[in-house]
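In case you want the letters, here they are:
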Amino acid sequence: MSGHVMVFAPTPQLTVTVDQPNDQPELHLHPGGQGVWQARMVLSLGVDVVLCAALGGEIGQVLEPLLVSEGVDLKVVVRDSGSGGYVHDRRDGSRQEVVDVPGDRLSRHELDELYNLALGEGLRADVSVLSGPNAPWLVPADLYRRFAADLGANGSRVVVDLSGDHLGAVLDSGVFFLKVSHEELIRDGRARGGDGAELAQAMYDLHAAGAETVVVSRADQPALALIDGELFEVQMPRLEAADPRGAGDSMTAGVAAVIARGGDIRTAIRTGAAAGALNVTRHGLGTGRLDSITGLVERVRLVPADSRQQERTTPDELADRVVER
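This structure is a prediction, so every number in the text was calculated from the model and none was measured. (Residues numbered from 1 in each chain as written. Predicted model: local features only at pLDDT ≥ 70, side-chain atom pairs only at ≥ 80, totals over all residues. Heavy atoms only, no water.)

### Observations regarding the overall build of the chain
Within the chain one finds 11 helices and 14 strands. Considering only intrachain contacts with a sequence separation of at least 6, the fraction spanning at least 24 residues in the chain is 68%. For the chain, the accessible area works out to roughly 14300 Å², and carbon and sulfur atoms hold 47% of it. (Helix = DSSP H or I, 4+ residues; strand = E, 2+ residues; numbered from the N terminus. Contact = heavy atoms within 4.5 Å. Areas by Shrake-Rupley, 256 points an atom, 1.4 Å probe, with all protein chains shown as cover.)

### Description of the nonpolar core
Counting 50 residues, the largest nonpolar core has Leu51, Ile265 and Ile269 as the members making the most contacts within it. With sequence-adjacent residues up to four places away left out, Ile265 is seen in contact with Phe176, Phe177, Thr213, Ile227, Val255 and Ile259. Ranked by size, the runner-up nonpolar core spans 46 residues in total, among them Phe8, Cys52, Leu130 and Ala305. (Core = buried A, V, L, I, M, F, W, Y, C linked by side-chain atoms within 4.5 Å. Buried < 20%, exposed > 50% of the residue type's maximum accessible area, 1.4 Å probe, protein only.)

### So, the packing of aromatic side chains
Counted according to the given criterion, the structure contains three aromatic pairs. Seen in terms of ring centroids, Phe8 and Tyr144 are 5.7 Å apart; in terms of plane orientation they differ by 70 degrees. Their pairing is edge-to-face. One end of the pair, Phe8, is in strand S1 (residues 4–8); the other, Tyr144, is in helix H4 (residues 141–153), and 136 residues separate them in sequence. Relative accessible area serves as the criterion here: at 0%, Phe8 is assigned to the buried category. (Phe/Tyr/Trp six-rings, centres within 6.5 Å; stacked < 30°, edge-to-face > 60°.)

### Focus: the packing of H4 against helix H5 (residues 164–173)
In the contact formed by H4 and H5, the axes pass within 8 Å of each other and the chain directions differ by 25 degrees. The orientation of H4 relative to H5 falls into the category roughly parallel. H4 and H5 meet at a crossing whose hand is right-handed. For the pair H4 and H5, the contacting residues are Ala141, Tyr144, Arg145, Ala148 and Ala149 in the first and Asp165, His166, Ala169, Val170, Asp172 and Ser173 in the second. (Axes fitted to C-alpha atoms, helices over the stretch in contact; angles between N-to-C directions. Parallel < 35°, antiparallel > 145°, perpendicular 65-115°, else oblique. Left-handed = near helix turned anticlockwise from the far one by under 90°.)

### Details of the sheet that holds strand S6 (residues 84–89)
Strands sit in the order S3-S2-S6-S7 across an open sheet of four strands; the sheet is mixed. Of all strands in the sheet, those with a lone pairing partner are strand S3 (26–32) and strand S7 (96–101), marking the two edges. Across the sheet, the mean angle separating the axes of adjacent strands is 15 degrees when strand polarity is ignored. Pairing analysis gives five bridges linking S6 to S7, with the strands arranged antiparallel. Bridged to Val87 within S7 is Val99. The sheet contacts of helix H1 (residues 34–44) involve S3 and S6, and relative to S3 the element is tilted by about 90 degrees. (Pairing = 2+ DSSP bridges.)

### Focus on a nonpolar patch on the surface
Taken together, the side chains of Leu27, Leu29 and Val62 define a hydrophobic patch exposed on the protein surface, amounting to about 260 Å² of accessible area. Among the structural elements, Val62 can be located in helix H2 (residues 57–69). The exposure class assigned to Val62 is partly exposed, which follows from its relative accessible area of 35%. (Patch = residues over 30% accessible without salt bridge, like charges linked within 9 Å, V, L, I, M, F, W, Y side chains within 5 Å. Salt bridge = Lys/Arg side-chain N within 4 Å of Asp/Glu carboxyl O.)

### Some thoughts on helix H3 (residues 108–124)
Note on helix geometry: an α-helix contains 3.6 residues per turn, so any two residues three or four positions apart are oriented the same way. Helix length check: H3, at 17 residues, gives a terminal C-alpha distance of 25 Å against a target of 24 Å (1.5 Å per residue), a fit within 8%. Its buried side turned inward, H3 meets S1, strand S4 (48–56), strand S5 (73–79), strand S8 (127–130) and H4. (Expected span 1.5 Å × (residues − 1).)

### Brief notes about the pattern of salt bridges
For the structure on display, the rule yields 10 salt bridges. The shortest N-O distance in the salt bridge between Asp19 and Arg90 comes to 2.9 Å. Highlighted residues: Asp19 in strand S2 (residues 13–19) and Arg90 in the loop between S6 and S7, separated in sequence by 71 residues. Relative accessible area serves as the criterion here: at 10%, Arg90 is assigned to the buried category. Between Arg218 and Glu233 there is a salt bridge whose closest N-O contact spans 3.4 Å.

### Considerations on the sheet that holds strand S12 (residues 221–227)
Read across the open sheet, the 10 strands follow the order S5-S4-S1-S8-S9-S10-S11-S12-S13-S14; overall the sheet is mixed. Of all strands in the sheet, those with a lone pairing partner are S5 and strand S14 (301–304), marking the two edges. Each adjacent strand pair in this sheet contributes to an overall mean axis angle of 20 degrees, direction not counted. Looking at chain direction, S8 and strand S9 (residues 157–160) are connected through four bridges and run parallel. Among the inter-strand pairings, Ser128 is bridged to a residue of S9, identified as Val158. Here H3 sits on the sheet in contact with S1, S4, S5 and S8, set at roughly 165 degrees to S5.

### Details of unusual backbone geometry
Of note in this structure, Asp228 is not a glycine but carries a positive phi near 50 degrees. By the element assignment, Asp228 lies in the loop between S12 and strand S13 (230–235). The exposure class assigned to Asp228 is exposed, which follows from its relative accessible area of 66%.

### Some points on the packing of H3 against H4
Describing two packed helices takes the angle between their axes plus the distance from one axis to the other. In the contact formed by H3 and H4, the axes pass within 11 Å of each other and the chain directions differ by 25 degrees. As far as their axial angle goes, H4 and H3 are roughly parallel. Read as a crossing pair, H3 and H4 show a hand that is right-handed. Touching Leu111, Tyr115, Ala118, Leu119, Gly122 and Leu123 of H3 are Leu143, Arg146, Phe147, Asp150 and Leu151, all from H4.

Nothing here speaks to function; it is all geometry.
Set out below in structure tokens:
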């Protein structure tokens, strides 16, 4: 089964990177943004992707053929306002931001057109990935709540990697899979700190609020996964990073790809972890070889977390906390 994934990427960006691996500098132009990186990894795993996006202005004109060249089935709403992009200088081995242009907020008409387009594609897909805008104010959180509600009510499996108001919005409707970083949980006030017990409690809260399965990434520590009410550490070999960005998006994409092919959630999380780990060994975001990822999956283990990290409130107390929030 090849599978079919819809990726909602409302605000793709044009990424311009200056690099110098040898004597001469190089200039690289690629489409970017969370949804684009996720779609790229899903394709690497052999699953068909429909990418739904809004493009406009000079940057949008450049982005469209670049997105088509990625191999996705591109569905576009042409917007009157301009798309965004950024320029990074990587010649000294680390990323230095030269400029970041977020683009313009989508109008109500553009949002309606994009919603209708993506909803139709999502209802035909095995899995829908709702990626966030490159700046929170570009797309209202309520659009994500409606998406998750309408897709979920019609039997679609919704996968998200969101934070802030956008995360709160989709939880109100319920999602099949949520990936979030521990830094985002702390920033959003869902966890007071990064210790295991605090993050475990936050994960149970997220599950009670509407996320069926939850994965929390923890930078250089093993990710935590809450599956069917049981907490696991996602343990895998350490790999030296060439570019630490993009691991989370690749993990989300790996989960979506496996679920779209009819796989189980534990295999999906192990595959996502392998995809994320291999992505950071490369300079291209959302990239990886299928054979390499498949080989590493066998080295990823889901290990029951320390019982001390699972100390938590009772289900009744948990429900009371959710209601209070």
